[in-house]
Amino acid sequence: MTVATSPAGLDNRIVVAGVPRKWRDLPAPPLPSPGAVLTAGAADALAVARHHAGYGTELLLAGPSRVDAAMRDELRAAGFAVTLLVDGVPQTTPPVTPRAAEAGRLWLLTSGSTGRPKRVGHTLDSLTTVRSAQPERTWLCPYAPGSYAWWQVVTLSLTQPGQHLVVVDPDELDDWPALAATHGVDAVSGTPTFWRRTLHRDPEALARVPLRQLTLGGEPVDQAVLDRLRALFPAARISWIYASSEVGASIVVHDGRAGFPVGWLDRVTPGRPTLSLRDDELVITSPHHGVGLDGPVRTGDRAQIVDDRVLITGRLDSDEINVGGSKVSAGLVRDVLTAHPRVAWARVTGRRAPVLGRMVVAEVVPTTAPRGSVTTGVPIGSATAAAPIDEGALVRWCAERLPDYAVPRRIRLLTEIPVKETLKSDV
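## Brief notes about the packing of helix 1 (residues 42-55) against helix 4 (residues 148-159)
For the pair helix 1 and helix 4, interaxial distance at closest approach is 11 Å and the crossing angle is 60°. Put simply, helix 1 runs oblique to helix 4. As helix 1 packs across helix 4, the resulting crossing turns out to be right-handed. Judged by residue contacts, A45, L46, A49 and A53 of helix 1 engage W150, W151, V154 and L158 from helix 4. Across the contact of helix 1 with helix 4, the residue classes tally to eight nonpolar, no polar and no charged.

Pasting the structure below:
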């Protein structure tokens, strides 16, 4: 264990389960190093982060549901003690093969979107990507403990004075706007799915939160959700961030438009990531990379140039649908659907079909407000806002904007936006 240090944000306020305290007031649970700590509780997770920041223990932090029995065995075989931490009480299983700790090492699990999650090595320094002085903010953190996005918000609060933190547990997610308003939250980081769900469920409650900073990340972002948030918060800064465990925070856009400018491609700037396209795949060389990923990294994300923007449309292995020899981007069809003023969320996939091989199908969650509102962004009295939403209307909407082979042949209407523990949905 290294000598204890004092991060600059120790006097920042943190709120967990409605109880305010400071970082320095958190307990220091006795934890082994190297250690994999599994905890779903927000207070326990913050205490573990504080402990690592002070002592530099080798740490992997994750929710219990992300680490199955096979992965626990893998971790123990790799020299990690595995600790289940519940309400400050640790239950530790020792490693199969003990080894010396690597001081300061933080391990993150990838999202697992391309298979089983993998370990990616970082340090608190490589995860701390905001280093310049920031205006005082009170941030809401809805992410699962130990995820890259969670560490981004946590390191900001730990290392920057004046960056306070309100953490929500999973059972508080549906009511987060009320919690945020109560505790003076003026900055929120969440996935596009997180924002769409809130716009769908309770846009009036969201509008009452005095937000000055809205951040979206973790998924492709479409123009519709950006426009709906801008209609609610015309004076706020709205940012989209592309980040991953492998390459860190690599793209930050503040201009309110989906994607990023074409002029950023292949631009080499010291200390900044270099963005490239290879066979429609986004490739990033980043100074914020994980261990052993110091060259160009193929992200697995499909990107397309549309006019003057580079749009990330989805995962390479699922975004392209081959319809009778014609290539369809599921992400671009999804963007057409979500541009409809009565659509809150959409998922587009391919399905087997005779003759064509595949056909385009979709799932859609309609907005709850049939007329102009903060949800739709359409003027009251508009024919589009007032028209009933059904499969036929959506097919016609797509047919007016897409080539025939890209128009969804089946559209299923859902009542709720599906969301995973990562705050993402399979889009």
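## What about the sheet that holds strand 24 (residues 410-413)?
Pairing is mixed across the open sheet formed by three strands, whose spatial order is 22-23-24. What marks the edges here is a single partner per strand, and that holds for strand 22 (343-353) and strand 24. The average undirected angle you get between the axes of adjacent strands in this sheet is 25°. Relative to strand 23 (residues 357-366), strand 22 is paired through ten bridges, and the arrangement is antiparallel. Note that in strand 23 the partner of R347 across the bridge is E363. Relative to strand 24, helix 12 (residues 391-399) is tilted by about 130°, and along the sheet it contacts strand 22, strand 23 and strand 24.

Cut-offs used in this document
Every chain's residues receive numbers from 1 upward, in the order its sequence appears when written. Per-residue local features of the predicted model are confined to residues with pLDDT of at least 70, and side-chain atom pairs are confined, for both listing and counting, to 80 or more; whole-chain, interface and lining totals are unaffected and use all residues. Calculation of side-chain values draws on the structure's entire complement of heavy atoms; hydrogens and water are dropped beforehand. Between N-to-C directions, angles span 0 to 180 degrees; the directions come from axes that are lines fitted to C-alpha atoms, helices contributing only their stretch in contact. The secondary structure listing takes helices from DSSP runs of H or I that are at least 4 residues long and strands from runs of E that are at least 2 residues long, numbered from the N terminus. We call two directions roughly parallel when the angle between them is under 35 degrees, roughly antiparallel when it is over 145, roughly perpendicular when it lies between 65 and 115, and oblique otherwise. The sense of a crossing depends on the near helix, which, turned anticlockwise from the far helix by less than a right angle, makes the crossing left-handed and, turned clockwise, makes it right-handed. The contact rule is simple, with two residues in contact once any of their heavy atoms fall within 4.5 Å. Gly is placed with the polar residues, together with every amino acid not listed as nonpolar (Ala, Val, Leu, Ile, Met, Phe, Trp, Tyr, Cys and Pro) or charged (Asp, Glu, Lys and Arg). When DSSP finds at least two bridges between two strands, those strands are taken to pair.

These values are about where atoms sit, not about what they do.
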